[in-house]
Number of protein chains: 2
Amino acid sequence: MDSGRLQGYADLIVNTGINPDPGQDVVITAGFDQLDFVRLVAETCYRRGAGKVWFNWTDMPLEKLHCQYQTEARLGTWEAWEVEKWRWQAEKLPARIWLDSDDPDGMAGSDPEKRARAQMAKFPVIKPFRDAMENRHQWCIAAVPGEAWARKVFPGIAPTEAVERLWEAILAASRADGDAAANWREHNATIRRRADILNRHHFTALRYRAGNGTDFEAGLMAQGVFAGGAETDLAGRVFNPNIPSEEIFTTPRRGVAEGLLVASKPLSYQGSLIEDFSVRFAGGRAVEVRAARNQAVLEKMIVMDEGAAFLGEVALIAEDSPINRSGILFYNTLFDENASCHVALGRGFDMCVRDYARYSQDEIRALGVNDSMIHVDFMIGRDDLEIDGVAPDGGTVPIFRRGNWCF
Amino acid sequence: MDSGRLQGYADLIVNTGINPDPGQDVVITAGFDQLDFVRLVAETCYRRGAGKVWFNWTDMPLEKLHCQYQTEARLGTWEAWEVEKWRWQAEKLPARIWLDSDDPDGMAGSDPEKRARAQMAKFPVIKPFRDAMENRHQWCIAAVPGEAWARKVFPGIAPTEAVERLWEAILAASRADGDAAANWREHNATIRRRADILNRHHFTALRYRAGNGTDFEAGLMAQGVFAGGAETDLAGRVFNPNIPSEEIFTTPRRGVAEGLLVASKPLSYQGSLIEDFSVRFAGGRAVEVRAARNQAVLEKMIVMDEGAAFLGEVALIAEDSPINRSGILFYNTLFDENASCHVALGRGFDMCVRDYARYSQDEIRALGVNDSMIHVDFMIGRDDLEIDGVAPDGGTVPIFRRGNWCF
């Protein structure tokens, strides 16, 4: 990949993605697939004035070894210094960059139940720190092509060529070529215009229908707001948490969801690919899941904790989005979720409550924002999907027809 | 490289190198050059029964960025959680593996003085933990070929071929092929036999002469012992701290060293190559250094702290050692120090005092073991090097003639 285009992408991630303060620390989480690009992002952070750039290195083959050989008790335990590291992060509030390059099948063969139990055991320890960080720092998830991932997306060609094609697909989907900062200003303005229209309607629910059997309604919170694109943290810093990002989303009202959602794409969850699946809701809760492949992983996921069976997000993306028009199935949520309407099981977003900073965590929960250790998106968008908003007077307003925006 | 030979090398590092207890943790420090081998060593640790395998990832390009862009104050500061991590290590005493693949010129262009000052600022914080760990855990330094390193050792050939040749050279030097465990049992017995002879003489000093101007004498401690090959920690665990290891060494008596040592090979120190250099000693102290290249790095090194100008080690290696006979200059201390007689400036070894566990740290220092934050080897062996031991009655005993052992 051309070095000028890579620098442009690094600039986009640093300047538009996290937008760090002078002297602010940055934590980069990355694998070993594109080390030169990781180094370039680090240098771009420093040139932008970062105080110190830290790294969390991740590697699925090593994760598999840890899961296979460690006792479950050990796998589910933090050392004291690791807790201190979380505390430092919650106090220092570094900006965070994730450079995702994971193999979608990278955890195949690993025991998902053992991993899930260990994760559940560790979660309560760090939850106070994660809560304390919410909306208080900038973060950005972007992608770089790992070889195993590229071979999955582009099978049957030479690995180096597959990596190059995945670079092209990532840069195109991320609107990273040309004047990327200007692309993102314009793109964010379009998202803002549509979100403003949705918010002016004060919908009480969204209704979904599609030819694959989807027939579903999710209640919305009276104080709920639709958001998308750039976000603003409590210190007033504007950042873009996802590159790419096409979605306009809100957190639905916990406990109000009925009917069947049929997934339109596979879900890659912790290295397992869940295929041809559906989720039935009653009283807001996922009460039944079916999957042609890896149903057990899905069943395990929704009982991870009390909130894992409730929705945390509904997101609207047009079928004519650049990612969807590319025709590429990325096997990666960051892209596939931005190709298609989706929902997420698990934790909701405080920021989808109007003036959320005025409320305590308990009040946020009482308003209907679900809490969980998970937040897992799955796709429901199709070219025959229709979505209506239910207005306070009971009337309906068309939002999507034939998979695309009505405004 | 053949996978069977790599597994043999991993087994050597784990079983003969660190020899972990069942359930003991292992910390692997490695770069990104040979990830498949790093993963293989991790799995070998787990199969041997390690409790948890941890990683410290190192990368010279990132180290250079940190040094270039961080303020010196920041570069010289530990976060609280990092100190907690040192405390954990000093209490838990994991076995440690270093897989060195560093580019000998990897830090070129970086500011050695800034790095040295930052290192000096950080050292006092962790010194108590390092002291507490000494002789209480097993550790092993071994090497894997990094591409930049391989190209330096084998210039003018294709990088992949250079890496393959460096693998061959590493495995040969490490006696890793065939029954590596048996090779090492035999090798350690030879080292033991020679060390026992040296120890029976109770030498008061070593005298060095060579045709390049070396004319030098170092005093030995009355309680000093020569060691080499396998070591035994205070818990009675036998381990091999260096793979390869050809040397028989002791810590000389601090304050007693006179004359000129002329280096016979370049010294790679923190990514800078110091070439054609000599060190003059008076009263045990390095009082003058000269170098054709990077003299400033050397001058900085010997004033790092109070003990950096005093010797911590003298080591005896035959010119007919396998590494030296290979004719390869590795530009890496682990190999080059095992090709040739050398000395080290800086910290000495407690374990070179007979029954060291009976003495306090203050008593160890009073006996003549130097203390410093550095321990840097440089080579003085040549095919005309003569070494004599000075006996308690003032007579001399030949130890080396024409660069090789007399017994």
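It should be emphasised that the depicted structure is a prediction, and the values quoted were computed from it without experimental measurement.

1. Digging into the packing of aromatic side chains
Residue and element names in this part refer to chain A. By the definition in use, this model includes 42 aromatic pairs over all chains. Between Phe37 and Trp167, the ring centres sit 5.4 Å apart and the planes meet at 70 degrees, which makes this aromatic pair edge-to-face. On the criterion of sequence distance, the pair formed by Phe37 in helix H2 (residues 35-47) and Trp167 in helix H8 (residues 159-173) is long-range, its members being 130 residues apart. Neither Phe37 nor Trp167 differs from the other in exposure class; each is buried. Ring geometry for Trp149 against Phe335: centres 6.1 Å apart, planes inclined by 50 degrees, an arrangement best described as tilted. Of the two residues, Trp149 sits in helix H7 (residues 147-153) while Phe335 sits in helix H12 (residues 333-336), which places them 186 residues apart along the sequence. In terms of burial, Trp149 and Phe335 fall into one category: buried.

2. Here's the deal with the interface of chain A and chain B
Contacts between chain A and chain B engage 29 residues on the former and 29 residues on the latter. Contact between chain A and chain B buries roughly 3100 Å² in total, counting both sides, with carbon and sulfur atoms accounting for 66%. The largest per-residue losses of area from chain A upon contact with chain B belong to Tyr46(A), Tyr69(A) and Trp81(A), which jointly make up 23% of the total buried on that side. Linking chain A with chain B are six salt bridges, by the criterion used here. Ionic pairing is found between Asp59(A) and Arg39(B), a salt bridge with its closest N-O pair at 2.7 Å. Those elements giving two or more residues to the side of chain A that touches chain B turn out to be H2, strand S2 (53-57), helix H3 (60-69) and helix H5 (80-92) of chain A.

3. Details of the pattern of salt bridges
When charged atoms on two side chains of opposite charge get close, those side chains can pair. All names here are of chain A. All chains considered together, the criterion is met by 67 salt bridges over all chains. Asp371 is the salt-bridge partner of Lys127, the closest N and O atoms lying 3.0 Å from each other. Within this pair, whereas Lys127 is found in helix H6 (residues 112-133), its partner Asp371 is found in the loop between helix H13 (361-367) and strand S17 (375-379), the two being separated by 244 residues in sequence. Both residues of the pair, Lys127 and Asp371, belong to the buried class. It is possible to trace a salt-bridge network through shared partners that takes in Lys127, Asp131, Glu134, Arg347, Arg365 and Asp371.

4. Brief notes about the layout of surface pockets
For the largest pocket, the calculated volume is near 880 Å³. What lines the largest pocket is a set of 37 residues, and nearest its centre among them are Phe32(A), Asp33(A), Leu35(A), Phe32(B) and Leu35(B). Contributing elements (two or more residues each) for the lining of the largest pocket: H2, H3 and H7 of chain A together with helix H2 (35-47), helix H3 (60-69) and helix H7 (147-153) of chain B. Tallied by class, the residues present in the lining of the largest pocket amount to twelve nonpolar, ten polar and 15 charged. When its volume is computed, the second largest pocket comes out at roughly 340 Å³. Forming the walls of the second largest pocket are 17 residues, and the residues nearest its centre are Arg175(A), His187(A), Thr190(A), Arg194(A) and Glu246(A). Counting only elements with at least two residues in the lining of the second largest pocket, the list comes to helix H9 (180-201), helix H11 (322-326) and strand S20 (404-405) of chain A.

5. Here's the deal with the relation of the copies chain A and chain B
One copy of the chain maps onto the other through a rotation about an axis followed by a shift along the same axis. For the pair chain A and chain B, the superposition axis carries a translation of 0.0 Å, the fit reaches an RMSD of 0.1 Å, and the rotation angle comes to 180 degrees. What we have between these two chains is a two-fold relation. The rotation axis passes nearest to the C-alpha of Trp81(A) in chain A, at a distance of 2.7 Å. A high fraction, 100%, of the interface residues of chain A reappear at the interface in chain B, so the copies pair face to face through one surface.

6. Describing the pairing of strand S19 (residues 396-401) of chain B
Walk down a regular strand and you will see the side chains alternate between the two sheet faces. Residues and elements named next belong to chain B. As defined by bridge partners, strand S18 (residues 386-390) adjoins S19 across four bridges and the pair is classed as antiparallel. Across the sheet, residue Ile387 finds its bridge partner in S19, namely Phe400. From the end of S18 to the start of S19, which pair antiparallel, there are five residues, and Gly394 there has a positive phi angle of about 90 degrees. In the sheet, S19 pairs with strand S20 (residues 404-405) via two bridges, with the strands oriented antiparallel. The residue bridging Phe400 from the neighbouring strand is Trp405, located in S20. Between S19 and S20, which pair antiparallel one after the other, the connecting turn spans two residues, and Arg402 there sits at a positive phi close to 50 degrees.

7. Side note on the sheet that holds strand S4 (residues 139-143) of chain B
All names here are of chain B. Reading across from one edge, S2-S1-S3-S4 is the order of the four strands in this open sheet, with parallel pairing throughout. Edge strands, defined here as strands with exactly one partner in the open sheet, are strand S2 (53-57) and S4. Averaged over all neighbouring strand pairs, the angle between strand axes comes to 20 degrees, with direction disregarded. Pairing of strand S3 (residues 95-100) with S4, which is carried by five bridges, proceeds in the parallel orientation. The residue bridging Leu99 from the neighbouring strand is Ala142, located in S4. Contacts from H2 reach strand S1 (26-30), S2 and S3 within the one sheet, and its direction differs from that of S2 by about 155 degrees.

8. Here's the deal with the pairing of S2(A)
With respect to burial, S2(A) is a largely interior element, four of its five residues being buried. Crossover connection from strand S1 (residues 26-30) of chain A via H2(A) to parallel S2(A): handedness right-handed.

9. Focus on empty space enclosed by the protein
All names here are of chain B. Applying the stated criterion to the full structure yields seven cavities of 30 Å³ or more. Empty space within the second largest cavity amounts to approximately 80 Å³. Lining the second largest cavity are 13 residues, with Pro266, Leu267, Ser268, Thr333 and Asp336 positioned closest to its centre. Going through the elements one at a time, strand S12 (267-269), helix H12 (333-336) and strand S17 (375-379) are the ones with two or more residues in the lining of the second largest cavity. For the lining of the second largest cavity, the element with the most residues is S17, which contributes three residues. Among the residues making up the lining of the second largest cavity, the classes are represented as seven nonpolar, three polar and three charged.

Parameters at a glance
- Residues numbered from 1 in each chain as written.
- Chains lettered and ligands numbered in written order.
- Predicted model: local features only at pLDDT ≥ 70, side-chain atom pairs only at ≥ 80, totals over all residues.
- Heavy atoms only, no water.
- Phe/Tyr/Trp six-rings, centres within 6.5 Å; stacked < 30°, edge-to-face > 60°.
- Helix = DSSP H or I, 4+ residues; strand = E, 2+ residues; numbered from the N terminus.
- Buried < 20%, exposed > 50% of the residue type's maximum accessible area, 1.4 Å probe, protein only.
- Contact = heavy atoms within 4.5 Å.
- Buried area = accessible area lost by both parts, 1.4 Å probe.
- Salt bridge = Lys/Arg side-chain N within 4 Å of Asp/Glu carboxyl O.
- 1 Å grid on protein atoms, 1.4 Å probe; cavity = no way out; pocket = protein on both sides within 12 Å on 5 of 7 lines; lining within 4 Å.
- Points joined across faces, edges and corners; volume = space filled by probe spheres on them.
- Nonpolar A, V, L, I, M, F, W, Y, C, P; charged D, E, K, R; others polar.
- Least-squares fit on C-alpha atoms with pLDDT ≥ 70 in both.
- Pairing = 2+ DSSP bridges.
- Axes fitted to C-alpha atoms, helices over the stretch in contact; angles between N-to-C directions.
- Right-handed = clockwise from strand over helix to strand, strands pointing away.

Without other data, these values stay purely geometric and don't point to any function.
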